[in-house]
Amino acid sequence: MSSTAVSVSSARSTASIAAPKRRRRRRDWAGWIFVGPFMAVFTLVLIAPLIYAIYLSLFRETLVGGTSFVGFENYVKAFADPKFWEALGRVTGFLFVQVPIMLGIALFAALALDSARLRWVPLFRLSIFLPYAVPGVVAVMIWGYMYGSQFGLVADLNDFFGITLPDPLSNSWIMASIGNIVTWEFVGYNMLVFYAGLKAIPHELYEAAEIDGAGTFRTIFSIKLPGIRGAMIIATLFSIIGSFQLFNEPQMLRSLVPNQISSYFTPNIYAFNLSFSGSMFNYAAAIAILSGILTMIVAFIAQNPEGIFRRKNRNAPQLEETA
Amino acid sequence: MSTETIVTGRRRSPSRLASAQVAPVDRKRKRGGSRHRPASVPVTLLMVAMLLYCLLPLFWLVVNASKSKDQLYNSFALWFSGDFALFDNIVQVFTYNDGIFLRWFGNTIFYVIVGGGGAALLATLAGYGLAKYRFPGRRAVFAIILGAIAIPGSALAVPQFLLFSSMKLTNTPAAVIIPSMVSAFGLYLIWVYAAEAVPDEILEAARIDGASEVRIFFSIAFRQLMPAVITVLMFSLVATWNNYFLPLIMLSDPLLYPLPVGLNQWASQATSIGGAAIPNLVITGALLTVIPIAGAFLYLQRYWQSGLTAGSVK
């Protein structure tokens, strides 16, 4: 489509003999009228702070000596900091447990909505997406109250059924409880990303598969999943970044159970406390950049998932040919 | 199969994309396909379970916002109990501490309109510009935006604060609004959408008629971008309404707080020294925080869902 548009416009510009050069040059810069405002704010909000963070991380501030350039000392310090590694280990564990569960549920829901084997689709779609509109603070409050002994949904259930459920806010269950809150908040969002991807698959592929005798599962694995590979990568990427940035949920639960959640529970909480409680801005910047770089590495690896998807993707063009 | 497709064709709401297809007969056949099967019991049961999971906490919120402080501690958590104290609680929420909740409410609306609205506008302009113009530095813009999306916000929060602090912007509304005005996701969505929905031929025709680039955008392109713009607006409104981390860092004056930060202050009041526990106000305040954004969300969904679905066509 774009190639025809280009040929049309070039044909027109050669046809109009009157000063084609000047008009062309003006139009060349015209894009900046539209992109300029975004880039100005973007520079102020993201690029400048990033450069400033890198700059900060190379210095050390002491009460006596003032600010001095220390090169990579803060990074070396971070690499030897057990608190940093503990925080990083925690979010990595969270990433490997919570993200697959959440995305798995979201994928199931999206496939169900798209399957034509479900009634009241708009009701399900909206209800499951609704938690995304709930402020994170409110979500943590609700679940925090329900977990806690104060208003005790858990306690009520224990009484009601005569059982002993594990305490969701105890040391061994706190991560699962946080994972549940995060899943509740974002499962609908991811479902919608997958669902939008499924809706974009051409229906001819399903017809062709049906003619070839493919069943429900065959269609899912050979057409639907390869068809939303892009959406799955995007959802995975955002979830990885979200896991490494984990902050709101544990930070707010801290006021309920300060003993279970340390000041270095996640890298983000650690950096936050270093700078806002400890005034160690330089070291906090180094921690933040380091965890940022690690996030990018993990996100980059996740963008090239070898195996499953690539192998399945090979089937899609074949089906298209038979159609 | 043809009778089936006629039935299903009526049941499914016409989508923007489908209506753009060529022949009506062809369209019906395409919509049909493998549609209209009997409902699957296991799938329905699993989805009902999921629906309950998603709605249960909200049900809890409504139930408990209607309880008095005493009843909160002494009644079954998932059902109404005692006097219906919802309106009493609402009055208390709005009068507690010189009516600061109303102030937070106003702040939030202000931040949402300027910050969230600004984000949608900037993303729309930039997405359109990237999709429809070839200009010097375009590749650099690509690379910078893509790179910045990959950088987690956590790496930027502290330097953002320090930079804004050196510009004397911290503890002002600008510190919350300016960062809210960047939506890389919105830019991406408009970009993908504009590439498909705004034909170059129309722009070229308008140029020959002598319209300026800005006028072309506002009188022609903007209308065609509407479904995507509403989608982006919806996401940026939700993001700004729900923002907690940014105002937490940037603001120290409670009179400037948006609702989430204010609510969390109320919630943690009980644990601080000398603070009175006000759980019924926290819960009712939480409900009042959810209602406007959930309402906007439900109202706008018929518009924005088509934008999201169409935006995914690449």
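Residues numbered from 1 in each chain as written. Chains lettered and ligands numbered in written order. Predicted model: local features only at pLDDT ≥ 70, side-chain atom pairs only at ≥ 80, totals over all residues. Heavy atoms only, no water.

**Considering the overall build of chain B**
Next, step 1: Looking only at helices and strands, chain B features 15 helices and 0 strands.
Next, step 2: Contacts spanning at least 24 positions in sequence make up 71% of the contacts within chain B whose residues lie at least 6 apart.
Next, step 3: Approximately 14000 Å² of chain B is accessible, and the part contributed by carbon and sulfur atoms is 65%. (Helix = DSSP H or I, 4+ residues; strand = E, 2+ residues; numbered from the N terminus. Contact = heavy atoms within 4.5 Å. Areas by Shrake-Rupley, 256 points an atom, 1.4 Å probe, with all protein chains shown as cover.)

**Some details on the packing of helix α6 (residues 86-132) of chain B against helix α14 (residues 259-268) of chain B**
Residues and elements named next belong to chain B.
Next, step 1: Where α6 contacts α14, the axes come no closer than 8 Å and their chain directions differ by 155°. With respect to their mutual orientation, α6 and α14 come out roughly antiparallel. On α14, the residues touching Val93, Tyr96, Ile100, Phe101, Trp104, Phe105 and Thr108 of α6 are Leu259, Gly262, Leu263, Gln265 and Trp266.
Next, step 2: A class-by-class count of the residues in the contact of α6 with α14 yields 9 nonpolar, 3 polar and no charged. (Axes fitted to C-alpha atoms, helices over the stretch in contact; angles between N-to-C directions. Parallel < 35°, antiparallel > 145°, perpendicular 65-115°, else oblique. Nonpolar A, V, L, I, M, F, W, Y, C, P; charged D, E, K, R; others polar.)

**Side note on the interface of chain B and chain A**
Next, step 1: At the interface, 114 residues of chain B touch 99 residues of chain A.
Next, step 2: For the pair chain B and chain A, the two sides together bury roughly 10000 Å², of which 76% comes from carbon and sulfur.
Next, step 3: On inspection of chain B and its partner chain A, the count reaches 0 salt bridges.
Next, step 4: Taken together, chain B and chain A are joined by 9 residue pairs in polar contact (both at pLDDT 80 or more).
Next, step 5: Class assignment of the residues belonging to the side of chain B that touches chain A gives a composition of 80 nonpolar, 21 polar and 13 charged. (Buried area = accessible area lost by both parts, 1.4 Å probe. Salt bridge = Lys/Arg side-chain N within 4 Å of Asp/Glu carboxyl O. Polar contact = N/O pair within 3.5 Å; in protein donor to acceptor, adjacent residues only side chain to side chain.)

**Concerning a nonpolar patch on the surface**
Next, step 1: Together, Phe160, Phe161, Ile163 and Leu165 of chain A together with Phe59, Val62, Phe76, Trp79, Phe80, Phe84 and Phe87 of chain B make up an exposed nonpolar region whose accessible area comes to about 1100 Å².
Next, step 2: The exposure class of Phe80 of chain B is partly exposed, given its relative accessible area of 33%. (Patch = residues over 30% accessible without salt bridge, like charges linked within 9 Å, V, L, I, M, F, W, Y side chains within 5 Å. Buried < 20%, exposed > 50% of the residue type's maximum accessible area, 1.4 Å probe, protein only.)

**Regarding α14 of chain B**
Next, step 1: By the criterion of burial, α14 of chain B is predominantly enclosed, with 7 of the 10 residues buried.
Next, step 2: Restricting attention to buried positions, one finds in α14 of chain B the residues Leu259, Pro260, Val261, Gly262, Leu263, Asn264 and Trp266 of chain B.

**Description of the packing of helix α11 (residues 229-244) of chain A against helix α14 (residues 281-303) of chain A**
Angle between the axes and distance between the axes: these two values describe a pair of packed helices.
All names here are of chain A.
Next, step 1: Two elements in contact, α11 and α14, have axes whose closest approach is 10 Å; the angle formed by their N-to-C orientations is 160°. Judged on the interaxial angle alone, α14 and α11 are roughly antiparallel. The element α11 and its partner α14 pack so that their crossing is right-handed. Taking contact as the criterion, the partners of Ile233, Thr236, Leu237, Ile240, Ile241 and Phe244 in α11 are, on α14, Thr295, Val298, Ala299, Ala302 and Gln303. (Left-handed = near helix turned anticlockwise from the far one by under 90°.)

**What about the side chain of Asn64 of chain B?**
Next, step 1: For Asn64 of chain B, the position within the fold is in helix α4 (residues 41-65).
Next, step 2: With residues near it in sequence (within four places) discarded, Asn64 of chain B still touches Leu72, Ala77 and Ile283 of chain B.

**Concerning the confidence of the model for chain B**
Interpreting fine coordinate detail is not advised for predicted regions of low pLDDT.
All names here are of chain B.
Next, step 1: In the predicted model, chain B carries a mean pLDDT of 80, and 80% of its residues have values of at least 70.
Next, step 2: Helix α1 (residues 2-11) is the least confidently modelled element of chain B, averaging 34 in pLDDT, while helix α9 (residues 173-180) averages 93, the highest of any element.
Next, step 3: Below a pLDDT of 50 lies the segment residues 1-34, which in the model reaches 32 contacts outside its immediate sequence neighbourhood of four places, other chains included.
Next, step 4: Reported confidence for the predicted complex is 0.81 by ipTM and 0.82 by pTM. (pLDDT = per-residue confidence, 0-100.)

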